[in-house]
Amino acid sequence: MIKVSESAKKKIATLMSEEGFDNMKDFVRVGVKSGGCSGLSYELNFDKSKAEDDKLFEDNDIKIVVDKRSVLYLAGTVLEFSGGLNGKGFVFNNPNAQRTCGCGESFSL
């Protein structure tokens, strides 16, 4: 459902550790909300609990939870991390997005 690149995995593990989370048992919560310059924007947080209606995915040793409403928007998405001087941070490569904004943080279908 959601894939995690090697670069994203390394950055997630580092950030989770810095914020008191354990990447082997805690979750990355990914979601979609209304807003942003293209209509919908991505949410990315760490979480220690999973709600009953959350969908759980695991890729590249990272556990991802997605709320039921966001699942269809995120099908096939690859979470990547782009660092360096011109890096954007976490990048969502979403095959469902018809249009994205310049910063890559919002999209429309």
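Structure's up top.
Just so we're clear, the structure is a prediction, and the values are computed from it rather than from any experiment.

A. Molecular detail of the overall build of the chain. Across its full length, the chain holds two helices and nine strands. In the chain, the order of α-helices and β-strands from amino to carboxyl end is β-α-β-β-β-β-α-β-β-β-β. Buried residues in the chain amount to 39% of all 109 residues. For the chain, long-range pairs separated by at least 24 residues make up 52% of all intrachain contacts whose partners lie at least 6 apart in sequence. As presented, the chain carries roughly 6200 Å² of accessible surface, and 48% of it is formed by carbon and sulfur atoms.

B. Inspection of the pattern of salt bridges at higher detail. Considering all chains together, one arrives at four salt bridges under this definition. A salt bridge links D61 to K9, with the nearest nitrogen and oxygen atoms 3.5 Å apart. Here the residue D61 occupies a position in the loop between β4 (55-59) and β5 (62-66), and K9 occupies one in helix α1 (residues 6-18), the gap between them amounting to 52 residues. Close ionic contact of R29 with D47 constitutes a salt bridge, the shortest N to O distance being 2.8 Å. Placement of the pair is R29 in strand β2 (residues 27-34) and D47 in strand β3 (residues 40-47), with a sequence separation of 18 residues. A single salt-bridge network, built from bridges that share partners, covers R29, D47 and D54.

C. Expanded view of the pairing of strand β6 (residues 78-82). Pairing of strand β1 (residues 3-4) with β6 involves two bridges; the strand directions are parallel. Paired with K3 across the strands is V78, a residue of β6. Here five bridges tie β6 to strand β7 (residues 89-93), and the two strands are oriented antiparallel to one another. Paired with S82 across the strands is G89, a residue of β7.

D. Region of interest: the packing of aromatic side chains. For the structure on display, the rule yields three aromatic pairs. Seen in terms of ring centroids, F21 and F46 are 5.6 Å apart; in terms of plane orientation they differ by 55 degrees. Their pairing is tilted. With a gap of 25 residues between them, F21 in the loop between α1 and β2 and F46 in strand β3 connect regions that are remote in the sequence. Per residue, the accessibility class of F21 equals that of F46, and both read buried. Taking the centre distance of 4.1 Å and the plane angle of 10 degrees together, the rings of Y42 and F92 count as stacked. In this pair, Y42 is assigned in strand β3 and F92 in strand β7, connecting sequence segments 50 residues apart. For Y42, a relative accessible area of 11% gives the class buried.

Criteria and thresholds
Residues numbered from 1 in each chain as written. Predicted model: local features only at pLDDT ≥ 70, side-chain atom pairs only at ≥ 80, totals over all residues. Heavy atoms only, no water. Helix = DSSP H or I, 4+ residues; strand = E, 2+ residues; numbered from the N terminus. Buried < 20%, exposed > 50% of the residue type's maximum accessible area, 1.4 Å probe, protein only. Contact = heavy atoms within 4.5 Å. Areas by Shrake-Rupley, 256 points an atom, 1.4 Å probe, with all protein chains shown as cover. Salt bridge = Lys/Arg side-chain N within 4 Å of Asp/Glu carboxyl O. Pairing = 2+ DSSP bridges. Phe/Tyr/Trp six-rings, centres within 6.5 Å; stacked < 30°, edge-to-face > 60°.

Scope: geometric values only; no functional claims are made or implied.
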